[in-house]
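Inside the fold
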Amino acid sequence: YEASMDITLNELINVRAGGVREGRTLKAVIPGGSSVPILLPHELDGQASFDGVVKAGSMLGSAGIIVLDDTTCMVWLAENLLHFYRHESCGKCTPCREGTDWLYKILHRIERGEGRMRDLDLLASISGNIGGKTLCAFGDAAITPVLTTLKHFRHEYEAHITEGRCTLPAPW
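All values reported here derive from a predicted model rather than from experimental measurement. (Residues numbered from 1 in each chain as written. Predicted model: local features only at pLDDT ≥ 70, side-chain atom pairs only at ≥ 80, totals over all residues. Heavy atoms only, no water.)

Let's talk about the overall build of the chain
Counting its secondary structure elements, the chain contains 6 helices and 2 strands. Expected size for 172 residues packed as a compact globule is a radius of gyration near 16 Å; at 16 Å, the chain falls within 12% of this value. A principal-axis box enclosing the C-alpha atoms of the chain has dimensions of 40 × 40 × 25 Å. Of the roughly 9000 Å² of accessible surface on the chain, a fraction of 53% belongs to carbon and sulfur atoms. The averaged location of the 21 negative side-chain charges in the chain is 7 Å from the averaged location of its 17 positive side-chain charges. (Helix = DSSP H or I, 4+ residues; strand = E, 2+ residues; numbered from the N terminus. Rg over C-alpha atoms; globule rule 2.2 N^0.38 Å. Areas by Shrake-Rupley, 256 points an atom, 1.4 Å probe, with all protein chains shown as cover. Lys, Arg positive; Asp, Glu negative; His and termini not counted. Charge placed at Lys NZ, Arg CZ, Asp CG, Glu CD.)

Given below as structure tokens:
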């Protein structure tokens, strides 16, 4: 969908695009492609403009809006996005080349139900050793899915670790 930047993200998603599937609730939105921070439903009433999305706590980036409903596992989301970043790293600088691979492996382990609580601090620590320490902005982009899902959905990571599986009810 294309719309004027004076529209709110809430209107764009729920009115123009029809909202989430029937019977589901909106969980989160990634407003500008995978490299920008997640916004929660209560943060979607500002304008869908570059400045409006920054005020809400994210960035508009490519304006590729990803809408996530309550069946989306945030550990799976982070793992899926890190699979992309690990693959697309040019390999020129060590923090990005090694860090994205390490983040992916830890996320994969947690998603498989083999994670440890100390992995959560390790994810944050590795991300801190990538952010601002790479030759380009790719490293900063790669850590955003990890940091933003940990910030808003740490309980899902903890559930994966304590239960040894994803605890979200999804029809598949």
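Details of the environment of Ile-66
When you line up the elements, Ile-66 lands in strand 2 (residues 66-69). Exposure remark for Ile-66: the relative accessible area of 29% places this residue in the partly exposed category. A C-alpha to C-alpha distance of 19 Å links Ile-66 and Phe-138, two positions 72 residues apart in sequence. Apart from residues lying up to four places away in sequence, Ile-66 is in contact with Ala-28, Val-29, Ile-30, Gly-33 and Ser-34. (Buried < 20%, exposed > 50% of the residue type's maximum accessible area, 1.4 Å probe, protein only. Contact = heavy atoms within 4.5 Å.)

Examining the pattern of salt bridges
Within this structure, the stated rule accounts for 13 salt bridges. A salt bridge links Glu-156 to Lys-27; the shortest N-O distance between them is 2.4 Å. Of the two residues, Glu-156 sits in helix 6 (residues 138-163) while Lys-27 sits in strand 1 (residues 26-30), which places them 129 residues apart along the sequence. Glu-156 gets classed as buried once you look at its relative accessible area, which sits at 8%. Note that Arg-109 is salt-bridged to Asp-119, the shortest N-O span being 2.7 Å. Residue Arg-109 is located in helix 4 (residues 94-111), and its partner Asp-119 is located in helix 5 (residues 118-130); the two are separated by 10 residues in the primary sequence. With relative accessibility at 0%, the residue Asp-119 sits in the buried group. Three or more residues are tied together by salt bridges with common partners; here these are Arg-86, Asp-101 and Lys-105. (Salt bridge = Lys/Arg side-chain N within 4 Å of Asp/Glu carboxyl O.)

Some words on the side chain of Asp-119
Polar side-chain contacts of Asp-119 include one of 2.7 Å to the side chain of Arg-109. If near-sequence neighbours (up to four positions away) are discounted, Asp-119 is found in contact with Ile-106, Arg-109 and Ile-110. (Polar contact = N/O pair within 3.5 Å; in protein donor to acceptor, adjacent residues only side chain to side chain.)

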